[in-house]
Amino acid sequence: MKTSLTDRIEALKRTHNAVILAHNYQVDEVQDLADYTGDSLELARQAARTDADVIVFCGVYFMAETAYILNPGKTVLLPDRSAGCPMARMIDAGTVENLRREHPDAAVVCYVNSTAAVKAASDYCCTSSNAVQIVESIDPHRPVIFVPDRHLGRWVAEQTGRRIITHRGFCPTHMRITPEVLASLRAQHPDAEIMVHPECSQDTVALADVVTSTSGMLRHARTSTASTIIVGTELGLLHRLRRESPDKTFVPATSAAVCPNMKKTTLEKVLWSLEEMQSRVVVPEPVCGKARRALDRMLEVAGAGERPAQAHSMAP
Ligand code: 13P
Ligand code: SF4
(Lines give C-alpha, C1' and ligand atoms only; values in the text may rest on other atoms or scores of the structure.)
(Ligands and ions follow the chains in the order given, each with its own letter.)
Protein backbone atom coordinates (compact mmCIF):
# COMPACT_ATOMS: atom_id res chain seq x y z
CA MET A 1 0.00 0.00 0.00
CA LYS A 2 1.28 3.50 -0.89
CA THR A 3 2.26 5.55 2.15
CA SER A 4 0.25 8.76 2.33
CA LEU A 5 1.82 12.21 2.52
CA THR A 6 0.51 12.58 6.05
CA ASP A 7 2.05 9.24 7.15
CA ARG A 8 5.43 10.26 5.72
CA ILE A 9 5.23 13.62 7.50
CA GLU A 10 4.28 11.91 10.78
CA ALA A 11 7.22 9.49 10.46
CA LEU A 12 9.69 12.33 9.82
CA LYS A 13 8.23 14.28 12.71
CA ARG A 14 9.10 11.39 15.02
CA THR A 15 12.60 10.97 13.53
CA HIS A 16 13.44 14.66 14.01
CA ASN A 17 11.40 15.28 17.19
CA ALA A 18 9.52 18.00 15.31
CA VAL A 19 6.37 19.93 16.09
CA ILE A 20 4.13 21.49 13.43
CA LEU A 21 2.60 24.89 14.25
CA ALA A 22 0.00 26.36 11.88
CA HIS A 23 -1.71 29.73 11.76
CA ASN A 24 -5.51 29.90 11.60
CA TYR A 25 -5.28 31.12 7.97
CA GLN A 26 -3.49 28.05 6.63
CA VAL A 27 -5.19 25.78 4.08
CA ASP A 28 -7.53 23.22 5.69
CA GLU A 29 -5.30 20.16 5.25
CA VAL A 30 -2.31 21.92 6.83
CA GLN A 31 -4.47 22.99 9.79
CA ASP A 32 -5.66 19.37 10.16
CA LEU A 33 -2.08 18.06 10.11
CA ALA A 34 -0.68 20.55 12.62
CA ASP A 35 0.00 19.79 16.28
CA TYR A 36 -1.20 23.29 17.20
CA THR A 37 -3.26 25.76 15.20
CA GLY A 38 -3.74 29.25 16.57
CA ASP A 39 -3.41 33.00 16.32
CA SER A 40 -0.07 34.80 16.46
CA LEU A 41 0.01 34.97 20.27
CA GLU A 42 -0.89 31.32 20.82
CA LEU A 43 1.71 30.19 18.29
CA ALA A 44 4.39 32.40 19.86
CA ARG A 45 3.58 30.87 23.25
CA GLN A 46 3.79 27.36 21.79
CA ALA A 47 7.11 28.18 20.15
CA ALA A 48 8.48 29.55 23.42
CA ARG A 49 7.64 26.44 25.44
CA THR A 50 7.98 23.51 23.05
CA ASP A 51 10.20 20.52 23.91
CA ALA A 52 10.61 19.68 20.23
CA ASP A 53 14.01 20.12 18.56
CA VAL A 54 12.50 21.24 15.26
CA ILE A 55 9.60 23.67 14.73
CA VAL A 56 7.93 23.51 11.31
CA PHE A 57 6.14 26.84 11.05
CA CYS A 58 3.18 26.85 8.67
CA GLY A 59 2.55 30.56 8.45
CA VAL A 60 4.45 33.57 7.16
CA TYR A 61 8.10 34.59 7.60
CA PHE A 62 7.74 36.92 10.57
CA MET A 63 5.99 34.13 12.52
CA ALA A 64 8.87 31.70 11.93
CA GLU A 65 11.33 34.47 12.85
CA THR A 66 9.39 35.07 16.08
CA ALA A 67 9.54 31.34 16.89
CA TYR A 68 13.33 31.41 16.40
CA ILE A 69 13.79 34.56 18.51
CA LEU A 70 11.81 33.01 21.38
CA ASN A 71 13.66 29.70 21.14
CA PRO A 72 17.02 30.26 19.40
CA GLY A 73 18.30 26.75 20.27
CA LYS A 74 15.72 25.17 17.97
CA THR A 75 15.74 24.50 14.26
CA VAL A 76 12.88 26.56 12.78
CA LEU A 77 11.70 25.58 9.30
CA LEU A 78 9.44 27.56 6.98
CA PRO A 79 8.11 25.23 4.24
CA ASP A 80 7.94 28.09 1.70
CA ARG A 81 10.56 30.77 2.26
CA SER A 82 8.73 33.21 -0.01
CA ALA A 83 5.69 33.33 2.32
CA GLY A 84 6.04 36.87 3.62
CA CYS A 85 3.66 39.44 5.08
CA PRO A 86 3.43 42.64 3.00
CA MET A 87 2.55 44.66 6.09
CA ALA A 88 5.78 43.57 7.80
CA ARG A 89 7.75 44.98 4.86
CA MET A 90 6.07 48.40 5.09
CA ILE A 91 8.48 49.69 7.75
CA ASP A 92 12.19 49.26 8.51
CA ALA A 93 14.24 49.78 11.66
CA GLY A 94 15.61 53.13 10.40
CA THR A 95 12.08 54.54 10.20
CA VAL A 96 11.42 53.40 13.78
CA GLU A 97 14.60 55.19 14.91
CA ASN A 98 13.50 58.38 13.09
CA LEU A 99 10.09 58.24 14.81
CA ARG A 100 11.89 57.86 18.16
CA ARG A 101 13.98 60.97 17.45
CA GLU A 102 10.81 62.92 16.57
CA HIS A 103 9.04 61.71 19.75
CA PRO A 104 11.78 61.18 22.34
CA ASP A 105 9.33 60.59 25.23
CA ALA A 106 7.37 57.90 23.42
CA ALA A 107 7.41 54.14 23.99
CA VAL A 108 7.59 52.09 20.78
CA VAL A 109 5.14 49.22 20.36
CA CYS A 110 5.46 47.04 17.28
CA TYR A 111 2.82 44.68 16.03
CA VAL A 112 4.22 41.15 15.75
CA ASN A 113 3.64 41.47 11.97
CA SER A 114 7.06 43.11 11.63
CA THR A 115 10.64 42.12 10.84
CA ALA A 116 13.09 41.02 13.54
CA ALA A 117 15.02 44.29 13.00
CA VAL A 118 11.88 46.35 13.70
CA LYS A 119 11.19 44.28 16.83
CA ALA A 120 14.79 44.92 17.91
CA ALA A 121 14.23 48.67 17.50
CA SER A 122 11.02 48.57 19.59
CA ASP A 123 10.31 48.53 23.34
CA TYR A 124 7.33 46.20 23.26
CA CYS A 125 5.87 43.75 20.81
CA CYS A 126 2.13 42.97 20.68
CA THR A 127 -0.33 40.87 18.74
CA SER A 128 -3.89 41.74 17.80
CA SER A 129 -5.12 39.86 20.87
CA ASN A 130 -3.08 41.81 23.43
CA ALA A 131 -2.35 45.20 21.81
CA VAL A 132 -4.79 47.04 24.13
CA GLN A 133 -3.35 45.31 27.20
CA ILE A 134 0.25 46.12 26.20
CA VAL A 135 -0.50 49.81 25.58
CA GLU A 136 -2.42 50.04 28.87
CA SER A 137 0.63 48.64 30.70
CA ILE A 138 2.78 51.58 29.56
CA ASP A 139 3.18 54.71 31.73
CA PRO A 140 0.07 56.79 30.84
CA HIS A 141 2.17 59.96 30.60
CA ARG A 142 4.13 58.57 27.67
CA PRO A 143 2.84 58.78 24.12
CA VAL A 144 3.04 55.55 22.14
CA ILE A 145 4.53 55.04 18.69
CA PHE A 146 2.67 52.11 17.13
CA VAL A 147 4.06 50.37 14.02
CA PRO A 148 3.44 49.21 11.33
CA ASP A 149 -0.38 48.78 11.19
CA ARG A 150 -2.22 52.11 11.17
CA HIS A 151 -5.61 50.43 11.61
CA LEU A 152 -4.68 48.34 14.64
CA GLY A 153 -2.90 51.39 16.09
CA ARG A 154 -5.99 53.59 15.63
CA TRP A 155 -8.24 50.91 17.11
CA VAL A 156 -6.00 50.62 20.19
CA ALA A 157 -6.07 54.43 20.55
CA GLU A 158 -9.90 54.32 20.48
CA GLN A 159 -10.01 51.54 23.09
CA THR A 160 -7.48 53.08 25.47
CA GLY A 161 -7.89 56.83 24.96
CA ARG A 162 -4.07 57.01 24.69
CA ARG A 163 -2.12 59.29 22.38
CA ILE A 164 -0.81 56.98 19.67
CA ILE A 165 1.43 57.95 16.77
CA THR A 166 0.84 55.44 14.00
CA HIS A 167 2.80 54.45 10.92
CA ARG A 168 1.09 54.02 7.53
CA GLY A 169 1.22 50.20 7.26
CA PHE A 170 -1.84 48.11 6.48
CA CYS A 171 -2.92 44.59 5.51
CA PRO A 172 -3.96 44.36 1.83
CA THR A 173 -6.17 41.33 2.58
CA HIS A 174 -8.18 43.05 5.32
CA MET A 175 -8.57 46.18 3.16
CA ARG A 176 -10.82 44.06 0.92
CA ILE A 177 -13.38 43.83 3.73
CA THR A 178 -15.05 47.15 2.97
CA PRO A 179 -17.93 48.87 4.80
CA GLU A 180 -20.00 48.42 1.64
CA VAL A 181 -19.71 44.62 1.71
CA LEU A 182 -20.59 44.52 5.41
CA ALA A 183 -23.56 46.86 4.96
CA SER A 184 -24.90 44.71 2.15
CA LEU A 185 -24.50 41.49 4.21
CA ARG A 186 -26.15 43.17 7.21
CA ALA A 187 -29.17 43.92 5.00
CA GLN A 188 -29.30 40.29 3.81
CA HIS A 189 -28.82 38.83 7.33
CA PRO A 190 -30.40 41.35 9.72
CA ASP A 191 -30.10 39.03 12.76
CA ALA A 192 -26.50 38.07 12.14
CA GLU A 193 -23.57 39.17 14.28
CA ILE A 194 -20.57 40.74 12.56
CA MET A 195 -17.03 39.89 13.75
CA VAL A 196 -14.01 41.66 12.23
CA HIS A 197 -10.26 41.68 12.76
CA PRO A 198 -8.79 44.96 14.07
CA GLU A 199 -6.63 45.17 10.91
CA CYS A 200 -9.80 46.32 9.11
CA SER A 201 -10.37 50.01 8.36
CA GLN A 202 -12.17 52.33 10.79
CA ASP A 203 -15.34 52.43 8.66
CA THR A 204 -15.44 48.63 8.51
CA VAL A 205 -14.82 48.25 12.25
CA ALA A 206 -17.62 50.76 12.94
CA LEU A 207 -20.14 48.27 11.46
CA ALA A 208 -18.95 45.31 13.53
CA ASP A 209 -20.35 43.86 16.74
CA VAL A 210 -17.09 42.22 17.77
CA VAL A 211 -13.48 43.21 17.01
CA THR A 212 -10.88 40.61 17.94
CA SER A 213 -8.02 38.37 16.86
CA THR A 214 -8.57 35.18 14.88
CA SER A 215 -8.60 32.97 17.98
CA GLY A 216 -10.73 35.60 19.75
CA MET A 217 -13.29 35.04 16.98
CA LEU A 218 -13.18 31.26 17.56
CA ARG A 219 -13.80 31.75 21.27
CA HIS A 220 -16.55 34.30 20.70
CA ALA A 221 -18.35 32.07 18.19
CA ARG A 222 -18.46 29.16 20.67
CA THR A 223 -20.46 31.19 23.20
CA SER A 224 -22.41 33.57 20.97
CA THR A 225 -26.20 33.28 20.92
CA ALA A 226 -26.36 34.40 17.27
CA SER A 227 -27.16 31.60 14.82
CA THR A 228 -25.49 33.39 11.88
CA ILE A 229 -22.13 35.15 12.10
CA ILE A 230 -20.53 37.27 9.37
CA VAL A 231 -16.77 36.78 9.43
CA GLY A 232 -14.55 39.74 8.58
CA THR A 233 -11.13 38.17 8.29
CA GLU A 234 -9.10 35.86 6.06
CA LEU A 235 -11.09 32.90 4.73
CA GLY A 236 -8.85 30.25 6.33
CA LEU A 237 -10.49 30.89 9.71
CA LEU A 238 -13.80 29.47 8.45
CA HIS A 239 -12.41 25.91 8.65
CA ARG A 240 -12.02 26.00 12.44
CA LEU A 241 -15.12 28.16 12.97
CA ARG A 242 -17.30 25.58 11.21
CA ARG A 243 -15.63 22.61 12.90
CA GLU A 244 -15.71 24.08 16.41
CA SER A 245 -19.18 25.67 16.22
CA PRO A 246 -21.12 23.33 13.90
CA ASP A 247 -24.49 24.65 15.14
CA LYS A 248 -23.86 28.09 13.58
CA THR A 249 -23.83 29.46 10.05
CA PHE A 250 -20.70 31.43 9.14
CA VAL A 251 -20.85 33.85 6.21
CA PRO A 252 -17.53 35.17 4.89
CA ALA A 253 -17.57 38.97 4.51
CA THR A 254 -16.03 38.57 1.06
CA SER A 255 -14.53 35.73 -0.95
CA ALA A 256 -11.69 38.16 -1.80
CA ALA A 257 -10.29 38.07 1.75
CA VAL A 258 -7.48 35.66 0.91
CA CYS A 259 -3.89 36.12 2.05
CA PRO A 260 -1.89 34.63 -0.83
CA ASN A 261 1.19 34.18 1.34
CA MET A 262 -0.69 32.18 3.97
CA LYS A 263 -1.86 29.85 1.19
CA LYS A 264 1.65 29.03 -0.05
CA THR A 265 2.18 26.22 2.45
CA THR A 266 1.02 22.80 1.25
CA LEU A 267 1.39 19.26 2.61
CA GLU A 268 3.98 18.57 -0.11
CA LYS A 269 6.06 21.54 1.05
CA VAL A 270 5.79 20.43 4.70
CA LEU A 271 7.09 16.99 3.66
CA TRP A 272 9.96 18.57 1.67
CA SER A 273 10.77 20.78 4.62
CA LEU A 274 11.19 17.80 6.98
CA GLU A 275 13.06 15.71 4.39
CA GLU A 276 15.58 18.43 3.59
CA MET A 277 15.54 20.35 6.92
CA GLN A 278 14.75 23.45 4.85
CA SER A 279 14.16 26.29 4.74
CA ARG A 280 15.83 27.30 7.99
CA VAL A 281 14.95 30.63 9.54
CA VAL A 282 17.70 32.13 11.68
CA VAL A 283 17.95 35.57 13.27
CA PRO A 284 21.57 36.53 13.98
CA GLU A 285 22.76 38.39 17.08
CA PRO A 286 22.57 41.17 18.17
CA VAL A 287 19.15 41.60 16.48
CA CYS A 288 17.85 38.33 17.96
CA GLY A 289 18.59 39.32 21.57
CA LYS A 290 17.18 42.83 21.17
CA ALA A 291 14.02 41.57 19.46
CA ARG A 292 13.61 39.01 22.22
CA ARG A 293 13.43 41.79 24.83
CA ALA A 294 10.37 43.26 23.07
CA LEU A 295 8.74 39.82 22.79
CA ASP A 296 9.57 38.87 26.39
CA ARG A 297 7.99 42.11 27.63
CA MET A 298 4.86 41.21 25.66
CA LEU A 299 4.74 37.72 27.16
CA GLU A 300 5.31 39.12 30.67
CA VAL A 301 2.39 41.57 30.33
CA ALA A 302 0.07 39.25 28.39
CA GLY A 303 1.20 36.00 30.02
CA ALA A 304 -2.18 35.31 31.60
CA GLY A 305 -3.83 35.12 28.17
CA GLU A 306 -6.26 37.10 26.10
CA ARG A 307 -9.09 39.19 27.43
CA PRO A 308 -12.57 38.28 26.26
CA ALA A 309 -13.60 39.54 22.79
CA GLN A 310 -14.43 43.24 22.97
CA ALA A 311 -17.43 44.93 21.45
CA HIS A 312 -16.27 47.92 19.39
CA SER A 313 -18.71 50.14 21.23
CA MET A 314 -16.84 49.71 24.55
CA ALA A 315 -15.90 53.13 25.88
CA PRO A 316 -12.17 53.88 25.78
P1 13P B 1 -4.01 36.94 14.50
O2 13P B 1 -2.89 37.08 15.47
O3 13P B 1 -5.28 37.57 14.95
O4 13P B 1 -4.22 35.50 14.13
O5 13P B 1 -3.64 37.74 13.17
C6 13P B 1 -2.53 37.47 12.38
C7 13P B 1 -2.60 38.13 11.08
O8 13P B 1 -1.69 38.12 10.31
C9 13P B 1 -3.84 38.82 10.75
O10 13P B 1 -3.80 39.23 9.44
FE1 SF4 C 1 0.07 39.89 6.61
FE2 SF4 C 1 -2.49 40.48 6.11
FE3 SF4 C 1 -1.51 38.10 5.39
FE4 SF4 C 1 -1.93 38.70 7.98
S5 SF4 C 1 -3.47 38.49 6.37
S6 SF4 C 1 -0.12 37.70 7.10
S7 SF4 C 1 -1.37 40.90 8.00
S8 SF4 C 1 -0.89 40.13 4.60
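Residues numbered from 1 in each chain as written. Chains lettered and ligands numbered in written order. Predicted model: local features only at pLDDT ≥ 70, side-chain atom pairs only at ≥ 80, totals over all residues. Heavy atoms only, no water.

Participant: Explanation requested: helix H4 (residues 61-70) in the structure shown.
Facilitator: At 3.6 residues per turn, the α-helix brings residues three or four places apart onto the same side. In terms of burial, H4 is largely enclosed, as 9 of its 10 residues are buried. Along H4, the residues that are buried comprise Phe62, Met63, Ala64, Glu65, Thr66, Ala67, Tyr68, Ile69 and Leu70. (Buried < 20%, exposed > 50% of the residue type's maximum accessible area, 1.4 Å probe, protein only. Helix = DSSP H or I, 4+ residues; strand = E, 2+ residues; numbered from the N terminus.)

Participant: Looking at this structure, I do not really get empty space enclosed by the protein. What am I missing?
Facilitator: Which parts of space are left empty comes out when a probe the size of a water molecule is rolled across the atoms. Taken as a whole, this structure holds 3 cavities of 30 Å³ or more when the rule is applied. Considering the residues around the largest cavity, the lining is formed by 26 residues, among which Tyr25, Asn113, His174, Glu199 and Met262 are closest to the centre. For the lining of the largest cavity, the secondary-structure elements that each account for two or more residues are helix H3 (40-49) and H4. In the lining of the largest cavity, the residues fall into 13 nonpolar, 10 polar and 3 charged. (1 Å grid on protein atoms, 1.4 Å probe; cavity = no way out; pocket = protein on both sides within 12 Å on 5 of 7 lines; lining within 4 Å. Points joined across faces, edges and corners; volume = space filled by probe spheres on them. Nonpolar A, V, L, I, M, F, W, Y, C, P; charged D, E, K, R; others polar.)

Participant: Help me understand the site of ligand 2, please; the structure alone is not making it clear to me.
Facilitator: What surrounds ligand 2 is the set Tyr25, Val60, Cys85, Pro86, Asn113, Cys171, Glu199, Cys259 and Met262. Mapping ligand 2 onto the cavity grids shows that it belongs to the largest cavity. Of the residues contributing to the shell around ligand 2, the split by class is 7 nonpolar, 1 polar and 1 charged. (Near = heavy atom within 4 Å. Sits in = over half its atoms within 2 Å of the grid points.)

Participant: Please clarify how the packing of aromatic side chains should be interpreted in this entry.
Facilitator: Any pair of aromatic rings gets described here by the distance separating the centres and the angle formed by the planes. Taken as a whole, this structure holds 0 aromatic pairs when the rule is applied. Taking the ring centre of Tyr124 as reference, the NZ or CZ of Arg297 above it sits at 5.8 Å. (Phe/Tyr/Trp six-rings, centres within 6.5 Å; stacked < 30°, edge-to-face > 60°. Lys NZ or Arg CZ within 6 Å of the ring centre and 35° of its normal.)

Participant: What am I meant to see in the pattern of salt bridges here?
Facilitator: Side chains carrying opposite charge are able to pair once their charged atoms draw close together. Going through the model one piece at a time under the given rule, you end up with 15 salt bridges. A salt bridge links Asp32 to Arg243; the nearest nitrogen and oxygen atoms lie 3.1 Å apart. Taken together, the residues span a long stretch of sequence, with Asp32 in helix H2 (residues 28-33) and Arg243 in helix H12 (residues 237-244) at a distance of 211 residues. Of the charged contacts in the structure, one is a salt bridge between Arg186 and Asp209, with a shortest N-O distance of 3.4 Å. In this pair, Arg186 sits in helix H9 (residues 179-188) while Asp209 sits in the loop between helix H10 (202-205) and strand E10 (210-211), placing the two residues 23 residues apart along the sequence. The class for Arg186 is partly exposed, based on a relative accessible area of 29%. Asp209 sits in the partly exposed class, given a relative accessible area of 28%. Taken together, the shared-partner salt bridges in this structure form one network comprising Glu10, Lys13 and Asp35. (Salt bridge = Lys/Arg side-chain N within 4 Å of Asp/Glu carboxyl O.)

Participant: Got a minute to help me understand the site of ligand 1 in this structure?
Facilitator: Around ligand 1 sit His23, Tyr25, Asp39, Ser40, Asn113, Ser128, His174, His197, Glu199, Ser213 and Thr214, and those are all the residues in its vicinity. Between an oxygen atom of ligand 1 and a side-chain N or O atom of Asn113, the distance comes to 3.2 Å. For ligand 1, the accessible surface in isolation is 300 Å², of which the surrounding protein chains cover 96%. Broken down by class, the residue content of the shell around ligand 1 amounts to 1 nonpolar, 8 polar and 2 charged. (Polar contact = N/O pair within 3.5 Å; in protein donor to acceptor, adjacent residues only side chain to side chain. Areas by Shrake-Rupley, 256 points an atom, 1.4 Å probe, with all protein chains shown as cover.)

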